[in-house]
Amino acid sequence: MQTYPNYSDFPSDWRDQKRSDAEFISRFISKDANLLSFGCGIGYLESCLMESIGQTFHVTDFSPYILNYRPDLKSKFIAIDDLSNTRFSQILLNQVTYSLNECDLRELLNQLHNCLEIRGTLIIGFTETSSSFRAWTFHILTRFFPKNFSAYLESIRNNLSKRSQVTKSQGWGYHRSNSEMIDISVAMGFEVMNFSRSSSQSYLFLKKLPRNES
Ligand SMILES: C[S@@+](CC[C@H](N)C(=O)[O-])C[C@H]1O[C@@H](n2cnc3c(N)ncnc32)[C@H](O)[C@@H]1O
């Protein structure tokens, strides 16, 4: 298997895209933010973001493979289990939500809500899929592959995810439209401050709202 010992060994078009995403995100990071990137993966985007904003920040991920493979990221790593003791002013969730079904995404947003300071902000970077395009694609596919096509896709996804978290690529993930992402976020106690698109993905900027503790 091809492995890349350092970030500079990764393909340059991949690095260019990540750097450009990081530069886009950096415009929305407050000066002196106490920032966490949740689901940092190998951390290349995070490393570019640190360069752009001129400061290090906390990162975390749950994948044991990823924990041992993060070539040159100079960050403050925090274990997921320790998050409940810490509060951040901003949390970045970039290219993570595609691996979560709706139930897990709600649960994660609930946990991140608890990790944010009052009026803290959550930035979700995701690959937006228009629901009408998805419905149309599904209609065409089921027309030509009528034998339980959705069950077939689900079995591929399950097999991939059983083998490894890392093999779950974005192509097999749960893609959402902008309005689906907004609905889930609002239901989990966030207010939408802004929505923006870069050349490669969409970003939702959310503010934590206080919850009714009744
Ligand atoms: C595509 S990588 C994103 C890396 C980086 N944030 C970026 O934008 O380049 C997605 C990462 O999210 C992590 N991830 C997915 N679901 C997670 C969860 N529920 N808890 C923690 N990490 C998760 C995966 O382990 C993977 O490393």
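Predicted, not measured: the structure shown is a model, and the values here were computed from it.

Definitions and limits used
- Residues numbered from 1 in each chain as written.
- Predicted model: local features only at pLDDT ≥ 70, side-chain atom pairs only at ≥ 80, totals over all residues.
- Buried ≥ 20, exposed ≤ 12 C-beta atoms within 10 Å, placed from the backbone.
- Helix = DSSP H or I, 4+ residues; strand = E, 2+ residues; numbered from the N terminus.
- Pairing = 2+ DSSP bridges.
- Right-handed = clockwise from strand over helix to strand, strands pointing away.
- Contact = placed C-beta atoms within 7 Å.
- Axes fitted to C-alpha atoms, helices over the stretch in contact; angles between N-to-C directions.
- Core = buried A, V, L, I, M, F, W, Y, C linked by C-beta atoms within 7 Å.
- pLDDT = per-residue confidence, 0-100.
- Parallel < 35°, antiparallel > 145°, perpendicular 65-115°, else oblique.
- Left-handed = near helix turned anticlockwise from the far one by under 90°.

S.K.: Even after reading the chapter, I still don't get the pairing of strand β4 (residues 88-94), so can you show me in this structure?
M.R.: Consecutive residues of a regular strand have side chains that alternate between opposite faces of the sheet. Counting buried positions along β4 yields six of seven residues, so the element is predominantly enclosed. As paired strands, β4 and strand β5 (residues 116-126) are joined by six bridges and run parallel to one another. Paired with Ile91 across the strands is Leu122, a residue of β5. Crossover handedness for the path β4 to helix α4 (residues 102-115) to β5: right-handed.

S.K.: In this structure, what is going on with the sheet that holds β5? I would like to understand it.
M.R.: Backbone-to-backbone hydrogen bonds join strands into a sheet, with any given pair of strands oriented parallel or antiparallel. Strand order in the open sheet formed by seven strands is β3-β2-β1-β4-β5-β7-β6, and the pairing between neighbours is mixed. Of all the strands in the sheet, the pair left with one neighbour each is β3 (76-77) and β6 (190-197). As paired strands, strand β2 (residues 58-60) and β3 are joined by two bridges and run parallel to one another. Bridge pairing in β3 places Val59 opposite Phe77. Packed on one face of the sheet, α4 meets β1 (35-38), β4, β5 and β7 (202-208) and runs near 140° to β5.

S.K.: Looking at this structure, how should I read the nonpolar core?
M.R.: Side chains of nonpolar character tend, in soluble globular proteins, to be buried together. Ranked by size, the top nonpolar core spans 33 residues in total, and within it Leu49, Ile91, Leu93, Leu122, Ile123 and Ile124 carry the most contacts. If you list the elements that add at least two residues to this core, you get α1 (12-26), β1, α2 (44-53), β4, α4, β5 and β7. For this core, the element with the most residues is α2, which contributes six residues. Apart from residues no more than four positions distant in its own chain, Leu122 is found in contact with Ile91, Leu93, Leu112, Leu116, Phe190 and Leu206.

S.K.: What am I meant to see in the confidence of the model for the protein chain here?
M.R.: Within the protein chain, residue pLDDT values average 82, and 74% of them lie at 70 or more. When pLDDT is averaged over each helix and strand of the protein chain, the minimum, 54, is found for helix α6 (residues 149-163) and the maximum, 98, for β4. Across residues 160-170, confidence stays below pLDDT 50; counting only partners more than four residues off in sequence or on other chains, it has 13 contacts.

S.K.: Could you clarify how one ought to interpret α2 in this entry?
M.R.: Given 3.6 residues to a turn, an α-helix orients residues that are three or four positions apart in the same direction. Counting buried residues in α2 gives eight out of ten residues, a clear majority hidden from the surface. Listed as buried for α2 are Tyr44, Leu45, Glu46, Ser47, Cys48, Leu49, Met50 and Ile53. Its buried side turned inward, α2 meets α1, β1, β2 and β4. Positive phi shows up at Gly54, right after α2, with a value of about 75°.

S.K.: What is the right way to look at the pairing of β7 in this model?
M.R.: Examined bridge by bridge, β5 and β7 share six bridges and lie antiparallel to one another. Paired with Thr121 across the bridge in β7 is Lys207. In the sheet, β6 pairs with β7 via seven bridges, with the strands oriented antiparallel. Directly across from Phe195, in β7, lies its bridge partner Leu204. The loop that links β6 with its antiparallel partner β7 comprises four residues.

S.K.: Looking at this model, I keep getting lost on unusual backbone geometry. Mind explaining?
M.R.: A negative phi holds for most residues other than glycine; trans holds for most peptide bonds. One non-glycine residue, Asp32, adopts positive backbone phi at about 65°. Phi is positive for Arg119, close to 65°, though the residue is something other than glycine. If you trace the backbone, Arg119 turns up in strand β5. Note on Arg119: 11 C-beta atoms within 10 Å, which makes it exposed.

S.K.: Explain the packing of α1 against α2 here, please?
M.R.: For any two helices packed against each other, one specifies the inter-axial angle together with the distance between the axes. Orientation of α1 relative to α2, taken along the N-to-C sense of each, is 45°, at an axis distance of 8 Å. In terms of their interaxial angle, α1 and α2 are classed as oblique. Between α1 and α2 lies a crossing whose hand is right-handed. Of the residues in α2, those touching α1 at Arg15, Lys18, Arg19, Asp21, Ala22, Glu23, Ile25 and Ser26 are Tyr44, Leu45, Cys48, Leu49, Ser52 and Ile53.

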